[in-house]
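Structural features, examined
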Amino acid sequence: MTFPRDKVLVRQVSASSRVVDPTIELAISEVWSDQLAEAAARGLPLADAPAYRLESAAERDGVLELGLTLEPYRVHSAMKVLHRDPRVRPEHHDRTFVADGLVRTADDQYLLLSTPKVTGVELQLVGGTASPAQRVLETSDDLFEFMSQRVERALGVQASQVDVLGVLGMVRLEVGCVNAVFDVRLTVRADEVRLRPGSDVVVVPSAELGDFLAAGPAYLPAIATLL
């Protein structure tokens, strides 16, 4: 089921319900410090700032209702390392809200990105962490425009060439974040996109997408279940 713009409701939640444990917070600080040093050594962008946290997601009468609050980005970054720590429980997770586009081009190709991060090279959909610094999310229009902006920036296309059709579903990653997966269409061919520096594009024919995702790393097999 796809939720179009008029079937998505965004509301603000006053505070995060993430459980704050002094032991876990110390571990987060230590990992974050190491990540900052690694990013500086490799020339990779990394900075802390408020990010949106998904407090709740529910479908009611055909409407997808999303409750958002704020959480420091450093928690999400550190949890990529700490999520396997036996001291870390689900209530410690950041639940950082990520908008991810399953992008289909005019010539029936799907585009994914291979991007180096401080935690390693990640194969992922086109999108990224939502934060007020990039766009304040108060309505479904804000959310859909944010998704479009991420695609425009990553693929070097114009707003008029991007059509965000709707939310296909939500995927919770083992590292602690939650990804909203959008159905996104481009009016340009795969060979017409222009990537920003630092990422490589992975082109997958539409007929092969399901098998490609199912055999992929990290959260990609979960994306396949939404098709």
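What comes next concerns the included structure. (Residues numbered from 1 in each chain as written. Predicted model: local features only at pLDDT ≥ 70, side-chain atom pairs only at ≥ 80, totals over all residues. Heavy atoms only, no water.)

Digging into the overall build of the protein
Inclusion rule: Think of it this way: any DSSP run of H or I at least four residues long counts as a helix, any run of E at least two long counts as a strand, and we number them from the N terminus. Values of the radius of gyration come from C-alpha atoms, whereas the globule rule sets the reference at 2.2 Å times the count of residues to the power 0.38. Buried means the residue's accessible area, taken with a 1.4 Å probe over protein chains only, is under 20% of the maximum for its type, while exposed means over 50%, and partly exposed covers the values in between. Residue contacts are counted whenever heavy atoms from the two residues lie within 4.5 Å of one another. Calculation of accessible area relied on Shrake-Rupley with a 1.4 Å probe; when residues are assessed, cover is drawn exclusively from the protein chains displayed.
Per the secondary structure count, the protein includes five helices and ten strands. Its C-alpha atoms give the protein a radius of gyration of 17 Å, within 12% of the compact-globule value 17 Å for 227 residues. Its C-alpha atoms give the protein principal-axis dimensions of roughly 50 × 45 × 30 Å. Going through the 227 residues of the protein one by one, you find that 49% of them count as buried. The contacts of the protein with a sequence gap of at least 6 include a subset with a gap of at least 24, amounting to 69%. Carbon and sulfur atoms make up 51% of the accessible area of the protein, which totals about 10,700 Å².

What to know about the environment of D200
Inspection of the secondary structure puts D200 in strand 10 (residues 200-205). Under the relative-accessibility criterion, D200 is labelled exposed at 52%. Sequence separation between D200 and L112 is 88 residues, and the spatial gap between their C-alpha atoms is 8.5 Å. Look past the residues within four positions of D200 in its chain and what remains in contact with it is L112, L113, S114 and L195.

Quick word on the pairing of strand 2 (residues 50-60)
Rules: Here a strand pair is declared whenever DSSP counts at least two bridges between the two strands.
In this structure, strand 2 lies alongside strand 3 (residues 63-72), joined through ten bridges in antiparallel fashion. In the sheet register, A57 faces strand 3, and the bridge partner there is L66. Where strand 2 folds back onto strand 3 in an antiparallel hairpin, the turn is made up of two residues, including D61, whose phi is positive at roughly 55 degrees.

What to know about unusual backbone geometry
For D61, which is not a glycine, the phi torsion comes out positive at approximately 55 degrees. Inspection of the secondary structure assignment puts D61 in the loop between strand 2 and strand 3. The exposed category is assigned to D61, whose relative accessible area is 80%. Phi is positive for D108, which is not a glycine, with a value near 60 degrees. Here D108 lies in the loop between strand 4 (97-104) and strand 5 (109-117).

Regarding the nonpolar core
Grouped burial of nonpolar side chains is what soluble globular proteins tend to show. Using the following cut-off: By convention a nonpolar core is built from buried Ala, Val, Leu, Ile, Met, Phe, Trp, Tyr and Cys residues, the set being connected through side-chain atoms within 4.5 Å.
Within the largest apolar cluster, 35 residues are counted, with the highest numbers of intra-cluster contacts made by F97, L143, V151, L155, F182 and L186. Counting residues per element, the ones that place at least two in this core are strand 1 (8-12), strand 2, strand 3, strand 4, strand 5, helix 3 (140-155), strand 8 (162-172) and strand 9 (178-186). Those residues in contact with V151, other than ones at most four positions away along the chain, are V103, V126, G156, V157, V162, V184 and L186. Listed in part, the 18 residues of the second largest apolar core include L112, C177, Y219 and L220.

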